[in-house]
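Listed here are the chains, written in short residue letters.
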Amino acid sequence: MLVNPKNLEKALNDFGKYVVQQARANLTRKNKNVSKELYDSIQYDLRSSGTGVSFSLDFKMEEYGEYQDKGVSGVKKKYNTPYKYTNKRPPAKVFDKWMVRRGLDGIRDEKGRFIPRKSLAFIIANSVYNKGIKPSYFFTRAFTLGFKRLPQEVREAFQLDVQEFLEFTLKNNFKE
């Protein structure tokens, strides 16, 4: 069955809008929308050839969005993710603005002593290094749900294209 390019373009546009909307909602629901930078950066780009024969759909977001989505294994706590901390710790200074946005500025320890923000940033960086970042799947879930909503013939065509692309890539990359 051949799919009408106008219908396909509409389906892909609806898919892109749905994934972006759901990914943003997931960020907010999981309380990962502190600075709104990641939230605002999530977008899609649908390009069509002049004849409507081929389409390109790209999703974009800040680089750290992938680490938030897939997670990062720590030195002591492991997650099923391609990313991990090994011997390099995250710099403590990156947690400074995050702490202020989270309201962690000027907290006290269990004995009532004030903990300087610089020390607290080091403690948080050390914790992230050891425990990692738990996967949130905010984008993965949105994409999966959106994909399931696509019309059956679009999903089948997409799966065939991915399969052909993988076969082509594997065949051409291992010729040497």
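In this text, all values refer to a predicted model and were calculated from it rather than measured experimentally.

Novice: I'm lost on the nonpolar core in this one. Help?
Specialist: Soluble, globular proteins show a tendency: their nonpolar side chains are buried together. Ranked by size, the top nonpolar core spans 17 residues in total, and within it Ala23, Ile42, Phe138 and Leu150 carry the most contacts. Contributing elements (two or more residues each) for this core: helix H1 (5–29) and helix H6 (138–149). For this core, the leading source of residues is H1, giving 8 residues. What Ala23 contacts, discounting residues up to four positions off in sequence, is Ile42, Phe138, Phe139 and Ala142. Grouped together as the second largest cluster of nonpolar side chains are 12 residues, Leu120, Ile124, Ala125 and Tyr129 included.

Novice: Please clarify how the environment of Asn87 should be interpreted in this entry.
Specialist: Relative to the assigned elements, Asn87 resides in the loop between helix H3 (64–70) and helix H4 (96–102). On the basis of relative accessible area, Asn87 is assigned to the exposed category, the value being 69%. Reaching out from Asn87, the side chain makes a polar contact with the side chain of Thr86 at a distance of 3.3 Å.

Novice: How should the confidence of the model for the protein chain be read in this particular structure?
Specialist: Predicted coordinates in regions of low pLDDT should not be interpreted in detail. Taken as a whole, the protein chain shows an average pLDDT of 83; of its residues, 81% reach a score of 70 or greater. Ranking the elements of the protein chain by mean pLDDT puts helix H7 (residues 152–173) last with 65 and helix H2 (residues 37–41) first with 93.

Novice: I would appreciate a short explanation of the packing of aromatic side chains in the present structure.
Specialist: Both the distance between ring centres and the angle between the ring planes are used here to describe each pair of aromatic rings. Using the criterion set out here, one finds 10 aromatic pairs in the structure. Each ring, one from Phe15 and one from Phe143, has its centre 5.2 Å from the other, and the planes form 70 degrees; the classification is edge-to-face. Placement of Phe15 in helix H1 and of Phe143 in helix H6 is noted, with a sequence separation of 128 residues between them. Owing to a relative accessible area of 27%, Phe143 belongs among the partly exposed residues under this scheme. Ring centres 5.5 Å apart and planes at 70 degrees place the aromatic pair Phe59 and Phe139 in the edge-to-face group. Taken together, the residues Phe59 in strand S2 (residues 55–60) and Phe139 in helix H6 connect sequence positions 80 residues apart.

Parameters and conventions
- Residues numbered from 1 in each chain as written.
- Predicted model: local features only at pLDDT ≥ 70, side-chain atom pairs only at ≥ 80, totals over all residues.
- Heavy atoms only, no water.
- Core = buried A, V, L, I, M, F, W, Y, C linked by side-chain atoms within 4.5 Å.
- Buried < 20%, exposed > 50% of the residue type's maximum accessible area, 1.4 Å probe, protein only.
- Helix = DSSP H or I, 4+ residues; strand = E, 2+ residues; numbered from the N terminus.
- Contact = heavy atoms within 4.5 Å.
- Polar contact = N/O pair within 3.5 Å; in protein donor to acceptor, adjacent residues only side chain to side chain.
- pLDDT = per-residue confidence, 0-100.
- Phe/Tyr/Trp six-rings, centres within 6.5 Å; stacked < 30°, edge-to-face > 60°.

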